[in-house]
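Fold and contact review
Letter by letter, the chains look like this.
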Amino acid sequence: MAKLNFGGVEENVVTREEFPLAKAQQVLKNETVAVIGYGVQGPGQALNQKDNGINVIVGQRKNSKTWDKAVKDGFVPGETLFEIEEALQRGTIICYLLSDAAQIQLWPTVKKHLTAGKALYFSHGFGITFNEQTGIVPPKDVDVFLVAPKGSGTSLRRMFLQGRGLNSSYAIFQDATGKAKERVIALGIAVGSGYLFETDFKKEVYSDLTGERGTLMGCIQGIFAAQYQVLRSKGHTPSEAFNETVEELTQSLMPLVAENGMDWMYANCSTTAQRGALDWWKKFRDATLPVFTELYESVATGKESQRSIDSNSQADYREKLEAELKELRDSEMWQAGKTVRSLRPENQKPAEVTA
Ligand SMILES: NC(=O)C1=CN([C@@H]2O[C@H](COP(=O)(O)OP(=O)(O)OC[C@H]3O[C@@H](n4cnc5c(N)ncnc54)[C@H](O)[C@@H]3O)[C@@H](O)[C@H]2O)C=CC1
Ligand SMILES: CC(=O)[C@](C)(O)C(=O)O
Ligand SMILES: [Mg+2]
Ligand SMILES: [Mg+2]
C-alpha cells in the first residue's frame, strides 16, 4: 500500500505495481466470479476480467437484449453465461451489478445463495448504506466489499483496451473469511482499475451521489443552460451561444484542465480571460455553495436514494427516463450542439470534406 500526499493529506493507494495482475490471478484462481447483470458496469467488468484470465461467468435473464449482448461479447450459454439463479449458485464471488433499484427486487434470491465463505461485491455503497430503504442486509458469514470504478462502465472497458486503467475506490464492509482485503484488491485489479483508493461504503455513496447530481452531471447542465439562455436572450445566435458555452469547454479547455490543472488552463488563455475568470469564480462558488450544501443534505438524509428507488422501481421507468432525455436532446442548445458536432472533421462525410 503506497501512502501518497494529496494536497497535504496522506492517503492509502493501491497501485498495479505493488499488486500486479499475476497476484490478482493467484488470489482468484480458485474462485468463480459471477457477474450478475449486464447493463453498463456488467460488460466492462466481466470482459476485463475475462481478458485478464479470471474465471468469470455472467448471470442474466434469458430472452433479454442483454443476454444476446453477452453472447455477442463471447460469453457462452451453459459454460460462462447462465440464468441469474444458476450463476448465483455457481459463483463464489457475486458481483451484484444490477441497477441499484433492481438489486432490491432480486435480493431475496441473492441472499439465498450467499452461503458461508462466499463474497458479495458491489460497485456502489448504495444498497448497504441505505439498507433501511433497500432491505439489503447480508448474512454475517460472507465477505462484503466494493470496487467502484470512478467512471462509466464504457470508459472502464475502453481504457482497459488502451492499456490504461480507470481509477476506482474500494471498501470493505464485512470481512468474514479474513481474506476480504486480498479478494477485493484482486478484483479491483482484475476489473481493470488503474489505482485503487481506500474508502468506506457510506463515503463512497455520499460522494458519488453528490458528484453525479453536482458538477459531473446535474450542475454542469444547469450552468450550461443558464449561460446559454442569457446569451440567446441578448441576441446571440445559437451557434455562438453553444460554442461559448459547451464546445470550447469540451474541445479546447477541459482537456487542458485534465492534463495539468485549472491554473495551467488559465495560464494558456489570454490575460483578459484570466483576469475575468479569476474575478468571477468565487462569485459562482458562493452562489452555488448553498445548493451544494442542500444537495449533500438530501443525499445524507436518504432523500436522494429514496427518490431513485421510487422512480426506478416503476414498470415504465425506462420510458419516462427516455422522455426526459428526449426533452434535453430536443432543446435548442443541444440541437445546436448536434450541428456544431457535425462540423468536426471526424464527423464529416468524405464528400463534404472535399466539397
Ligand atoms: N453506470 C455506470 O457506469 C456505473 C454504475 N455503478 C454502479 O454499478 C451498479 C450497476 O449499474 P449499471 O451497470 O449502471 O446498471 P444498469 O442500470 O445498466 O442495469 C444492470 C442490469 O440490471 C438488469 N436489470 C434491471 N432490472 C432487473 C430486474 N428487475 N431483474 C433482473 N435484472 C434486472 C438490466 O437488464 C441490466 O442488465 C450500480 O450499483 C451502479 O450504481 C458504478 C459506477 C459507474
Ligand atoms: C459513472 C458514474 O460513476 C456515475 C456517474 O456515478 C454513475 O453512473 O452512477
Ligand atoms: Mg460514480
Ligand atoms: Mg453513481
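Residues numbered from 1 in each chain as written. Chains lettered and ligands numbered in written order. Predicted model: local features only at pLDDT ≥ 70, side-chain atom pairs only at ≥ 80, totals over all residues. Heavy atoms only, no water.

Okay, the site of ligand 1 next. Taken together, 23 residues surround ligand 1, and among them Tyr-38, Gln-41, Asp-100, His-124 and Gly-153 come closest. Here an oxygen atom of ligand 1 and a backbone polar atom of Tyr-38 are 2.9 Å apart. Taking Arg-61, its side chain carries an N or O atom lying 3.5 Å from a nitrogen atom of ligand 1. The fraction of the free accessible surface of ligand 1 (830 Å²) that becomes covered by protein chains is 81%. Among the elements that line the shell around ligand 1, the one with the most residues is helix H5 (residues 100-112), at four residues. (Near = heavy atom within 4 Å. Polar contact = N/O pair within 3.5 Å; in protein donor to acceptor, adjacent residues only side chain to side chain. Areas by Shrake-Rupley, 256 points an atom, 1.4 Å probe, with all protein chains shown as cover. Helix = DSSP H or I, 4+ residues; strand = E, 2+ residues; numbered from the N terminus.)

As far as domains go, the protein holds domain 1 (2-199) and domain 2 (214-345). For domain 1 and domain 2, the distance between their C-alpha centres works out to 31 Å. Counting residues at the interface gives six residues for domain 1 and eight residues for domain 2. The contact between domain 1 and domain 2 buries some 580 Å² in all, and 66% of this surface belongs to carbon and sulfur atoms. Between the two partners, domain 1 and domain 2, sit zero salt bridges. (Domains from an automatic or database assignment. Contact = heavy atoms within 4.5 Å. Buried area = accessible area lost by both parts, 1.4 Å probe. Salt bridge = Lys/Arg side-chain N within 4 Å of Asp/Glu carboxyl O.)

Attention now moves to the pattern of salt bridges. Evaluation of the coordinates by the stated rule reveals 17 salt bridges. For Lys-320, the salt bridge goes to Asp-316, with nearest N and O atoms at 3.6 Å. When salt bridges that share partners are traced, they join Glu-31, Asp-143 and Arg-183 into one network.

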